[in-house]
Structure formats: C-alpha cells, structure tokens
There are 2 protein chains.
Amino acid sequence: MNIVLLSGGSGKRLWPLSNDVRSKQFIKIFKKEDGTYESMLQRVYQQIKKVDADATVTIATSKTQVSAIHNQLGEDVGISVEPCRRDTFPAIALATAYLVDVQKVSPEETVVVCPVDPYVNDDYFEALKVLGEQAEKGEANLVLMGIEPTYPSAKYGYIIPKDKSSVSKVSTFKEKPDEETAKEYIAQGALWNGGVFAYRLNYVLDKARQLIDFTDYYDLFAKYDTLKKISFDYAVVERETKIQVMRFAGQWKDLGTWNTLTEAMAETCVGDALMDETCKNVHIINEMSVPVLAMGLKDVVISASPDGILVSDKLQSSRIKPFVDKLDNQIMFAEKSWGSYQVLDVEKGSLTIKVTLNAGHRMNYHSHKHRDEIWVVLSGKGRTIVDGMEQEISTGDVITMQAGCRHIVFADTELKLIEVQLGGEISVYDKQKYPIGT
Amino acid sequence: MNIVLLSGGSGKRLWPLSNDVRSKQFIKIFKKEDGTYESMLQRVYQQIKKVDADATVTIATSKTQVSAIHNQLGEDVGISVEPCRRDTFPAIALATAYLVDVQKVSPEETVVVCPVDPYVNDDYFEALKVLGEQAEKGEANLVLMGIEPTYPSAKYGYIIPKDKSSVSKVSTFKEKPDEETAKEYIAQGALWNGGVFAYRLNYVLDKARQLIDFTDYYDLFAKYDTLKKISFDYAVVERETKIQVMRFAGQWKDLGTWNTLTEAMAETCVGDALMDETCKNVHIINEMSVPVLAMGLKDVVISASPDGILVSDKLQSSRIKPFVDKLDNQIMFAEKSWGSYQVLDVEKGSLTIKVTLNAGHRMNYHSHKHRDEIWVVLSGKGRTIVDGMEQEISTGDVITMQAGCRHIVFADTELKLIEVQLGGEISVYDKQKYPIGT
C-alpha cells in the first residue's frame, strides 16, 4: 500500500501543547503498553505498519514540521515537503510526484491519501487497503471513503451516495450543514467526508499537468511558490464524474479540541499530576517538571507545558483560539530533528536554554552576529568545532563563543547542555549557516 | 509602641505559593498604588509605621525565615530568632528578653504581641496602640484584644468578657467550638481570640524566670533547645486572674486559605493571566513566566509558582494539606537575605539554578565536597573570591569551581548569574562555610 498522510498546520486549539512549531499530531498523549507515551503521528504510523509492514508511507507537510517528524518517526520515513503553503491540491500533486520520481513507485499504482490525525482502530487501515484495491480496479478515477455518521455533526462535509451498497457511485457532495440539515442528509443515507481517498498516481499527475506546466517532482518543487492556491476538493473531487464512495463503519474521531482529545485518553492524568476524589470528568496533561494538583473540579481540562497553562471547562475549550491569539506566544520548547530545546530563563540581554542532542546527531555549523554564547555540558560525550578547531567534550566542559564565531556540536552519546545566550538583540533569525569545515 | 509580630511556620495551605521556606506572609499578592505588589508582612509593617513611625517592631520567627524577612523589610527590622521550635511561650519570652537586652527597651515599658498575618485596616494598629496604653495603666497584667465576631466561626477560640464595656475583665476562655456552640457564646457576648495581647515586659520575664533558669536574652538563646514546649495560652493566659479584654470591631481577617485570601485580593489576576468572559468568581495568581489561560470556570482559584500548579474549587481548597503532603515538594524558588534563587532544571547529576544577588549583597564564603559548580554571569557587576583569589566579574564571565574549592560572589550592582551544579550527590546539605579571606 502507498499512503500519503497529510500533516496539517499549526493548531492553536490544543494550546499550550500545540503551538506555531508543534501541531497536535506531535503531542505525546497516548499511553503505550510499555508505559511510555506516543503521539497521534506515531500511533497512526505504527498502525499502518501493523496492517501492512511494506507500506510506503509519505508525509506531506511544511518545512516547519520536518524536524519533529524525523524526531518522532526516525530518518526512514518519506517526507514530501511543501516549500510554502499552497492549499491541498498543489500539496497532493507534489506528494504524488514525489512517490513517482523520488520513491520510484510506478505511476500505474494507486495511493491512499488521508489526514495524519484521525483517532481510529486498526480496522480503519484495513479499510484504507481495500480503498486502494478498489481504486486499482479502475471502475472510478477517485474512490472516497465515506464514514457512517454516528450523530448529525455540523463539523463535517457530507457525501450522498447513489445507493446503500458498500461501494457506490457518488450522487452529490454537501458542505458542512447545520445540525437540522445534517439530520435530513443522514436520513437520505449521507456519509461523512473525512478527506480520505484513493487514486492511481497517473490520474492526479494528469490533473496537475492540466493546471501546471512541470516536468517532474523536482521541477514542481522548484516552482511551487508560483502555484495558485486551490483545494483538492475544488480542483478535482467536485468536478470528477467517475467517482465512488466506500463505506466505513468503524471508529473514526477527529481529536481537534481538548474535549474530544481527552475523551480518547486512556487515563485522566499524564505527567506529574494529582487530583482529589471530588474531581469529576477532569483530565490533566502536564508536560512541566512541577506537579499539578486539582481539587473539586468538574468537566475541566488542565494542560501545562513550557509554553503556558490552560485551565478550561471542556466544552468551552473549543473557543480557545481568539484567546491564545491574545497571548504572547514565545515558544519555550521545540522538538528538532537532532533532539530538542527548552527555554529555561528569559532576561533582558540574555536567554538560557537547555539543549538535548540525540546520540549521533548534530546541529548546523553556524554563527550569530549579535550574541555571544556559552555552553556548559551537563552530561554525555561529543565534539565541538569552534572556528574550525575540533575538541572533545564531556560533563562539566565549558565552551565560550563570541559573536561571529562559527560553532557546532556533535553528540556521540545523548548530550545535554546549558546554552547561555548574551547580547542586546537575541533573535532566532540571527543565525548564519556554513558548510562544516569552513 | 513596642510590637512583637509572631511570624509563624511554613504553611502548606497556600501551596504552591507557600512552602517549607516561604510562609504565606511572604507572598506578594496585594497591589500597591504604584502597581507593584507587596506581601502580608510588608503590608502589616507599613501599616504599623504609618500609625506610629517610631514603633519598635520585632519579628519573632525561626531561622528559616530570617533571609526572607530581611529581603522584604530590609536590614533594620529587629528579629528575635528562635534557634528551634519550642511553641509560643518560649518564643514570646525570648522576644521579650530580646527587647530588653538587645533593643534596650526598659522592662517597665509595655509590648503588644500579635500574629504577623492579619488582614486588617489601619484602625487595627490604632487599636493596638490603645491596647498597649491600657496595659501601661497597670489595671491588669495582661490585656487581650477581643474581636467582635461577624459570624459563628468554628475556627477561633472565644473570650467571654465580664461585661459589655469597651475594656472589661475576662470571665472565661473557650476552645474552638462547633458552630452551634459558637452561636451560644456570641449570644453571651463572646469575642474572638485573635492571639493579640499587651503586657509590661517585666511581667513575661518574671513568668519566664519562674519556669526557666536564665540570666538574660543571650543566656536564654543559648539554652533555648533545652526548653520545654509550652504554649503562651497554657503557661500564662489561662492562669492569669488580673486579665482584661479590649473590644475591637474593625475588619479582621485571617487569610489562611485560598478562599479567604482571594476574597482580599483587589483584582482577579496577579501575573501573566487571561480569562474568558464566562469565568465567574475565578482568581489567578501566576508567579511563572508563562501565561495562564482560564475558560468557563466558576468559583475556582488557580495558583502557579515554580513549585507547582494548583487548580481548585475555592471551598475545596481548604482541604489541600494532605494532598500537598503527597507531592514531591522540591523547593524551586526561595528568597534569601542576599536575593533569590530559582531552580531552572533538574537532571540526574546536575542542577541548574538562576541566582539573583541584590546590589551590595553577597553569599557566604563556602565550598562543596561532592559537586563542581560553574557560574555564568548574565548581568551586573561584582567580584568573586575563589580559593582566596579575587576577581572582578561582569556579563559573560564564566567562573568554574571544582569540588572543595572555596568561593563567594559580591554584587556591586544587582547581579544575575546561572549556576550549574555537577556531581553525583547534589544536596543543599553539602556546604561548608568559611570566614572570608581564609
């Protein structure tokens, strides 16, 4: 099975765990059998591999997510990086070209495209396999998955099938309705449109060539920023007449708000948290190193991260976005491809962060114009290069770097260090990268 | 006026703002006219000085609070330090001897003793002055303040006066009753016992000499740990027949729980906090550097400090103590006489803290057996002595100290530094102090 997972943008609706660099699919919130936690992304990836160990998984995403994806899934996963945001049609066209030109998949093969963050069981991925096989038959150019509605939701678009068989022609599409209208649709046999579909690679490449002049993936990637924003639904789905829908009746949840996310949690507390016996329907997700104590609460979610602390009535939490927009959102924690960093202290003229490099990883070789930096090694072994001079480092070593000085760390084992940044203008944009050895 | 403020023990009922080294009287929660915040201690001290600029204020407290008191009130305030906990009679006897032998107050003068943390208006301190003047008259050995009850509280002991005049003989004392009994007491004209009283210094010194063999303050201080634990109520008040009570009808609140404390707050948010319009009767006290967002809550207090995060129904918050006892209470922030420190990061084998030294202050000259330390100066100017070698320091300087090495910092201006502690056994008890210059 070839599968493209669409890894969407930064969500503020799960603040403070999601932010401009960490989307909800990266939050480690699901307990595994070994007691550790995994993210939606990791959960979905494992589920796919369980159903089809040979599946070619490609994640279509933006540059900002590449580090976090590699950190969570390793280096082997395929990533089709959108150089900039151009809506779903260019993104899917780019991922399709990536499969053919980079992953060397035959354009005659089919691919299943779906969002990266559904909360589903393994039967969903079994169904995706069948969806791909249905597309292979060639009865239709596009085969959608239609999810059997469990309630008249106003959150989803609807697909009206021609009949009630498990695979049917599509009669028509309906935009997100109000609840009353949703009831009428359901009475007519409508299915939720979860944005899941399968097609032969050639089909989308042909569609793309009708709109865009390009030779292959590399060419499309190069001219990506010149492309018009257009959704896949508008450019392809709504215009296609040879289109089928396959029913799916298993669990399918969109964990887009704190209310729905906490419903999917196996336990009420993640992290250092304690609640008294008078708490009812309370969930605590604490990523900080200090404890959270909850007493006498009802229907409340508490979420604490180095970015901030949310305490909200669960239903009310769906209205979070405008409030988060008002907050001063300094990003205090970020996963990178090489490990992670956490801001420990912010002062006028200084910034102190903790850097964790995973074994075998390194930063970029870089310098800063407007700040000096000092590293203190907390633990681990590795090497630094500072202005071309290589040096072995371990616990207790101190490395000082004046502004302008080029520097890099390599981690031989997991390496933790405190980095003190000093200067009048400390900014993430003050960074020049160099090839190693220059 | 001579006044002894009893500064009581570590309260966990206002966790996470109070902890083993910070009692509730030190929490900066009351907004001043200039927009900054002051603590109960600072508020009470200012109120006393406003009513009587020449008042001799002595704070009777334990060793652990001395740093915080000096930090909040400066170096001039008198402090009678209990070398160990021996209940209120020895503490009051020691403070009384301190007034005579250290502050050189005549033993014929009177003193007013009261807790450090009542939430009151200036009229309360006017009343304390009158209380002292009443004790001067010599009509009684002990003059208590009786607070006119505003409701039948089960939290306080009661004083039954002989009559309803403003100063009356005491008929009897009653222990904390249940609410029904409290109603009966109040019907009989009972007053709350707020632990406030005045006496001639000689009176308590004589009482003390009946129980303890000592010559003066210094002798009493030296043998303090041999004293028997006994309360002032039991040793003195309940046995005294020449005893009066003076009524006080002004505001008097004991801000001992989050519920009562938040009632006294001028605003709903202290620190970086935001709440939506559906929050009702919600208070947020946030001492962290990241924002708190509250949505859809009712009757809730949220309190966040570097020690932890409390989210509680206000009434339920009075039951906090057993839950805080269950938490792993690492103290992450402390005020010291020389400034403050905050734990930024805890790892196996390392501890990273931020130290702020106030201008003109210094640490002790000390060493550690089991850990190396590294200082990185963030801002300010000062001097270090490391193994006898003096050196000027300023922003960006790095000082490394091996285990065993003696070290100290002097702050010429306010001085901020990052201290990284490295070692297998990091403990606050691993500290040897030395005279400077050795």
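Above this text you will find the structure in question.
The model shown is predicted, which means the values in this text are computed figures rather than measured ones. (Residues numbered from 1 in each chain as written. Chains lettered and ligands numbered in written order. Predicted model: local features only at pLDDT ≥ 70, side-chain atom pairs only at ≥ 80, totals over all residues. Heavy atoms only, no water.)

K.L.:
I'd like a description of the overall build of chain A, backed by residues and values.
P.N.:
In terms of helices and strands, chain A carries 10 helices and 30 strands. Taken along its principal axes, the extent of the C-alpha atoms in chain A is 70 × 65 × 40 Å. By the burial criterion, 54% of the 438 residues in chain A qualify as buried. By sequence separation, contacts in chain A at least 24 residues apart represent 66% of the contacts at least 6 residues apart. Approximately 18600 Å² of chain A is accessible, and the part contributed by carbon and sulfur atoms is 47%. (Helix = DSSP H or I, 4+ residues; strand = E, 2+ residues; numbered from the N terminus. Buried < 20%, exposed > 50% of the residue type's maximum accessible area, 1.4 Å probe, protein only. Contact = heavy atoms within 4.5 Å. Areas by Shrake-Rupley, 256 points an atom, 1.4 Å probe, with all protein chains shown as cover.)

K.L.:
Describe the interface of chain B and chain A, listing the residues and the values that go with them.
P.N.:
On the side of chain A, 51 residues touch chain B, which itself brings 51 residues to the contact. By the criterion of area lost to chain A, the three top residues of chain B are Leu 293, Met 295 and Ile 309 of chain B, representing 17% of everything that side buries. Remark: the boundary between chain B and chain A carries six salt bridges. The partner of Glu 347 of chain A in a salt bridge is Lys 416 of chain B, with the nearest N and O atoms 3.0 Å apart. For the pair chain B and chain A, the interface holds 19 residue pairs in polar contact (both at pLDDT 80 or more). The element that contributes the greatest number of residues to the side of chain B that touches chain A is strand β19 (residues 308–313) of chain B, accounting for six residues. Tallied by class, the residues present in the side of chain B that touches chain A amount to 31 nonpolar, 10 polar and 10 charged. Examined bridge by bridge, strand β19 (residues 308–313) of chain A and strand β17 (residues 292–295) of chain B share four bridges and lie parallel to one another. Residue Ser 312 of chain A lies in a different strand from β17 of chain B, and its bridge partner there is Met 295 of chain B. (Buried area = accessible area lost by both parts, 1.4 Å probe. Salt bridge = Lys/Arg side-chain N within 4 Å of Asp/Glu carboxyl O. Polar contact = N/O pair within 3.5 Å; in protein donor to acceptor, adjacent residues only side chain to side chain. Nonpolar A, V, L, I, M, F, W, Y, C, P; charged D, E, K, R; others polar. Pairing = 2+ DSSP bridges.)

K.L.:
Pulling in residues and values, what's your account of the packing of helix α1 (residues 40–51) of chain A against helix α4 (residues 122–137) of chain A?
P.N.:
Residue and element names in this part refer to chain A. Axis separation between α1 and α4 bottoms out at 9 Å; the angle between their running directions is 60 degrees. In this view, α1 runs oblique relative to α4, as classed from their interaxial angle. Between α1 and α4 lies a crossing whose hand is right-handed. On α4, the residues that touch Val 44, Gln 47, Ile 48, Lys 50 and Val 51 of α1 are Asp 122, Phe 125, Glu 126 and Lys 129. When the residues that make up the contact of α1 with α4 are grouped by side-chain class, the tally is four nonpolar, one polar and four charged. (Axes fitted to C-alpha atoms, helices over the stretch in contact; angles between N-to-C directions. Parallel < 35°, antiparallel > 145°, perpendicular 65-115°, else oblique. Left-handed = near helix turned anticlockwise from the far one by under 90°.)

K.L.:
Can you explain the nonpolar core? Please cite residues and give values.
P.N.:
Grouped together as the largest cluster of nonpolar side chains are 69 residues, with contacts concentrated most on Leu 297 and Ile 302 of chain A together with Leu 297 and Ile 302 of chain B. Contacts of Leu 297 of chain B, omitting those with residues within four sequence positions, involve Val 300, Val 311, Ser 312 and Asp 313 of chain A together with Thr 278, Cys 279, Lys 280, Val 282 and Ile 302 of chain B. (Core = buried A, V, L, I, M, F, W, Y, C linked by side-chain atoms within 4.5 Å.)

K.L.:
Break down the state of the cysteines for me, citing the residues and quoting the values.
P.N.:
According to the stated counting rule, one finds zero disulfides over all chains in the structure shown. With no disulfide of its own, Cys 269 of chain A lies 8.7 Å from the sulfur of Cys 279 of chain A, the closest cysteine sulfur. (Disulfide = S-S within 2.5 Å.)

K.L.:
Describe the sheet that holds strand β27 (residues 398–401) of chain B, and please don't skip the residues or the numbers.
P.N.:
Residue and element names in this part refer to chain B. Sheet architecture is open: six strands sit in the order β20-β21-β22-β29-β24-β27, paired in antiparallel fashion. Only two strands of the sheet have a single neighbouring strand rather than two, namely β20 (333–336) and β27. With direction set aside, neighbouring strand axes in the sheet form an average angle of 20 degrees. Pairing of strand β24 (residues 372–379) with β27 involves four bridges; the strand directions are antiparallel. The residue of β27 that forms the bridge with Glu 373 is Met 401. Across the face of the sheet, helix α2 (residues 63–73) comes into contact with β20 and β21 (339–347) while running at roughly 70 degrees to β20.

K.L.:
Residues and numbers for the packing of aromatic side chains, please.
P.N.:
Applying the stated criterion across every chain, the model contains 32 aromatic pairs over all chains. On the basis of an interplanar angle of 25 degrees and a centroid distance of 6.3 Å, the ring pair of Phe 197 of chain A and Tyr 199 of chain A is categorised as stacked. For the pair Phe 197 of chain A and Tyr 199 of chain A, one class covers both residues: buried. In textbook terms, an aromatic cluster arises when at least three aromatic residues are bridged by ring pairs, as seen for Phe 89, Phe 197, Tyr 199 and Phe 232 of chain A. Its end group placed over the ring of Phe 30 of chain B, Arg 43 of chain B keeps NZ or CZ at 5.7 Å from the ring centre. Taking NZ or CZ as reference, Arg 239 of chain B lies 4.7 Å from the ring centre of Tyr 234 of chain B, over its face. (Phe/Tyr/Trp six-rings, centres within 6.5 Å; stacked < 30°, edge-to-face > 60°. Lys NZ or Arg CZ within 6 Å of the ring centre and 35° of its normal.)

K.L.:
Please provide a residue-by-residue account of the side chain of Asn 2 of chain A, values included.
P.N.:
Residues and elements named next belong to chain A. Within the element layout of this structure, Asn 2 appears in strand β1 (residues 2–6). Judged by relative accessible area, which is 7%, Asn 2 ranks as buried. Only 2.8 Å separates the side chain of Asn 2 from the side chain of Glu 109, close enough to count as a polar contact. Aside from chain neighbours lying at most four places away, what touches Asn 2 is Thr 56, Leu 99, Val 105, Glu 109, Thr 110, Val 111 and Val 112.

K.L.:
An account of the pairing of strand β2 (residues 28–31) of chain B is needed here, citing residue identities and associated values.
P.N.:
All names here are of chain B. The pairing of β2 with strand β3 (residues 37–39) spans three bridges and is antiparallel. The residue of β3 that forms the bridge with Lys 28 is Ser 39. Once β2 ends, the chain turns through five residues before running back antiparallel as β3, passing Gly 35 with a positive phi of about 90 degrees.

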